[in-house]
Amino acid sequence: MTAKRAEQALVERWRDMLALHARTQCALDRALHGHGLCASDFEVLDVLARRRTPKGTPAYRVQEIAERVHLSQSALSRLIARLEREGLVERCMCPEDRRGVRVSLTAAGRALHDELLPVQRAVLARMLADG
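Keep in mind that what you see is a predicted model, and the values were worked out from it rather than measured. (Residues numbered from 1 in each chain as written. Predicted model: local features only at pLDDT ≥ 70, side-chain atom pairs only at ≥ 80, totals over all residues. Heavy atoms only, no water.)

Asks: Can you help me understand the environment of Ser 40 in this one?
Replies: Relative to the assigned elements, Ser 40 resides in helix α2 (residues 39-49). For the pair formed by Ser 40 and Leu 71, sequence separation is 31 residues and the distance between their alpha carbons is 8.2 Å. Filtering out sequence-adjacent residues up to four positions away, Ser 40 remains in contact with Gln 25, Leu 71 and Leu 79. (Helix = DSSP H or I, 4+ residues; strand = E, 2+ residues; numbered from the N terminus. Contact = heavy atoms within 4.5 Å.)

Asks: Can you walk me through the layout of surface pockets in this structure?
Replies: Gaps between atoms show up when a probe of the same size as a water molecule is rolled over them. Counted as a void, the largest pocket has a volume near 400 Å³. Considering every element that reaches the lining of the largest pocket, the biggest residue donor is helix α1 (residues 2-33), with five residues. Residues that form the lining of the largest pocket fall into these classes: eight nonpolar, six polar and two charged. (1 Å grid on protein atoms, 1.4 Å probe; cavity = no way out; pocket = protein on both sides within 12 Å on 5 of 7 lines; lining within 4 Å. Points joined across faces, edges and corners; volume = space filled by probe spheres on them. Nonpolar A, V, L, I, M, F, W, Y, C, P; charged D, E, K, R; others polar.)

Asks: What is the right way to read the nonpolar core from this model?
Replies: If you look at the biggest cluster of nonpolar residues, it comprises 22 residues, and the most contacted ones within it are Leu 37, Val 44, Leu 48, Ile 65, Leu 83 and Val 89. Only α2, α3 (62-68), α4 (73-85), β3 (97-105) and α5 (107-128) provide two or more residues apiece to this core. Sort the elements by how many residues they give to this core and α2 lands first, with six residues. Once residues lying within four places of it in the same chain are set aside, the contact partners of Leu 37 are Asp 29, Leu 32, Leu 45, Leu 83, Leu 88, Leu 112 and Leu 116. (Core = buried A, V, L, I, M, F, W, Y, C linked by side-chain atoms within 4.5 Å. Buried < 20%, exposed > 50% of the residue type's maximum accessible area, 1.4 Å probe, protein only.)

Asks: How do you make sense of the pattern of salt bridges when you look at a structure like this?
Replies: When the charged atoms of two side chains lie near each other, side chains of opposite charge can form a pair. Per the counting criterion, the structure on display carries seven salt bridges. Between Glu 86 and Arg 82 there is a salt bridge whose closest N-O contact spans 3.7 Å. Across the salt bridge formed by Glu 84 and Arg 91, the nearest N and O atoms sit 2.7 Å from each other. On the basis of relative accessibility, which here comes to 39%, the residue Arg 91 falls in the partly exposed class. (Salt bridge = Lys/Arg side-chain N within 4 Å of Asp/Glu carboxyl O.)

Asks: Help me understand α1 in this model?
Replies: Every α-helix winds through 3.6 residues per turn, so residues three or four apart in the chain are directed the same way. Over its 32 residues, α1 runs 46 Å from end to end, which matches the ideal 46 Å to within 8%, given 1.5 Å per residue. When α1 is considered as a whole, its buried residues turn out to be Thr 24, Ala 27, Leu 28 and Leu 32. Residues of α1 that are buried sit in contact with α2 and α5. (Expected span 1.5 Å × (residues − 1).)

Note that every value here comes from positions in space, so none of it alone points to a role or purpose.
So this is what it looks like as structure tokens:
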């Protein structure tokens, strides 16, 4: 009987985590919607904003972004293409591997990220606060 209770507690904990994730994702989407972004868009901008190459230019290979955000490769490619059309990111060929693509923030992307960072962090603080 104890094993059954432990298993049920594990399942309940998993479902609580899923519910918290869903509520937080929805809250982020609502907070960012007025600025033309969703939570996944901001997550990509945030990853790019934190990266500095030796030259000081933020850039990630698409595969590196995929390792940090929870999107499929095809969904991430579509998201990056949309952000590029909106002038928030730019893509260029990877000099060390001409098959690869690097993505970096534009000045407009950095400005929007900087503006929305406190909004995103406030939602996270509210949704993930203990107690």
